[in-house]
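Chains, contacts and geometry: an overview
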Amino acid sequence: GENVEQHPSTLSVQEGDSAVIKCTYSDSASNYFPWYKQELGKGPQLIIDIRSNVGEKKDQRIAVTLNKTAKHFSLHITETQPEDSAVYFCAATRGSNDYKLSFGAGTTVTVRA
Amino acid sequence: KAGVTQTPRYLIKTRGQQVTLSCSPISGHRSVSWYQQTPGQGLQFLFEYFSETQRNKGNFPGRFSGRQFSNSRSEMNVSTLELGDSALYLCASSFPSYEQYFGPGTRLTVT
């Protein structure tokens, strides 16, 4: 099955700096890669996603890049703000008739004011 | 549009008992997936239902089961509870697109 590895496990950044989280996946058939943000006491919130036919996607301060050849994808948060502090998860799935998401272990991001 | 709702939000059960959790997907979504979240194992896929049929199943024992109704609402059941079943149980809805939207979860504590 799919194995997703996520690094780093914790990340502390100064407000206004950038944060980068990296994930690798093992299943070459995976073609959909979402990122989730989870705040304390809440369920994971989908913040951005990318499909295998796209190399990069941006949404305001958040961007995701995908390298299919190397089987890795990354989340970039620019101009971090205190409200960006949360646990972030990457995930991968084959999509189509298989909606099973395989998750990374998570990255705890702390934005220092 | 209302989000995914899960009931109850918190549950305390005793070893050996069984429990049923409920999930109402976003209106129009036909797929419901269930995940278990624990500090040690992270987020793990339990099963997915689409049009009342189980389409995918994760590596969990048969004590974990689920079903989906014609209105897409889903329930999961855990029988003969063990201490290790203490977790946050999350459901996510989707379809026709790939995006999965999670509910707030049910926090199950087994004592």
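A quick note: this is a predicted structure, and the numbers were derived from the prediction, not measured. (Residues numbered from 1 in each chain as written. Chains lettered and ligands numbered in written order. Predicted model: local features only at pLDDT ≥ 70, side-chain atom pairs only at ≥ 80, totals over all residues. Heavy atoms only, no water.)

A separate point is the overall build of chain A. Scanning chain A from terminus to terminus reveals zero helices and 11 strands. Along chain A, helices (α) and strands (β) appear in the sequence β-β-β-β-β-β-β-β-β-β-β when read from the amino end. The C-alpha radius of gyration computed for chain A amounts to 14 Å, which stays within 12% of the reference 13 Å derived for 113 residues, consistent with globular compactness. Burial status across chain A gives 46% buried among its 113 residues. Taking as baseline every contact in chain A between residues at least 6 positions apart, the subset at least 24 positions apart corresponds to 52%. (Helix = DSSP H or I, 4+ residues; strand = E, 2+ residues; numbered from the N terminus. Rg over C-alpha atoms; globule rule 2.2 N^0.38 Å. Buried < 20%, exposed > 50% of the residue type's maximum accessible area, 1.4 Å probe, protein only. Contact = heavy atoms within 4.5 Å.)

Bringing the sheet that holds strand β7 (residues 64-68) of chain B into the picture now. All names here are of chain B. Reading across from one edge, β1-β3-β8-β7 is the order of the four strands in this open sheet, with antiparallel pairing throughout. Edge strands, defined here as strands with exactly one partner in the open sheet, are β1 (5-7) and β7. Neighbour-to-neighbour, the strand axes of the sheet open up by a mean angle of 20°, direction not taken into account. Inspection of the sheet shows β1 paired to strand β3 (residues 19-24) by three bridges, in the antiparallel sense. Each bridged residue has a counterpart across the sheet, and for T5 the counterpart in β3 is S24. (Pairing = 2+ DSSP bridges. Axes fitted to C-alpha atoms, helices over the stretch in contact; angles between N-to-C directions.)

With that settled, consider the side chain of T107(A). Residue and element names in this part refer to chain A. Residue placement: T107 occurs in strand β11 (residues 107-112). The buried category is assigned to T107, whose relative accessible area is 0%. Ignoring sequence-local partners within four residues, the contact set of T107 consists of Q6, H7, P8, S9, T10, L11, I21, A86, V87 and Y88.

This part covers the sheet that holds strand β7 (residues 62-67) of chain A. All names here are of chain A. With respect to topology, five strands assemble into an open sheet ordered β1-β3-β8-β7-β6, the strand pairing being antiparallel. Whereas interior strands pair on both sides, the edge strands pair on one side only; in this sheet they are β1 (4-7) and β6 (56-59). Looking at each pair of strands side by side, their axes are set apart by 15° on average, direction ignored. Here six bridges tie β7 to strand β8 (residues 72-77), and the two strands are oriented antiparallel to one another. Its bridge partner lying in β8, L66 is registered against F73.

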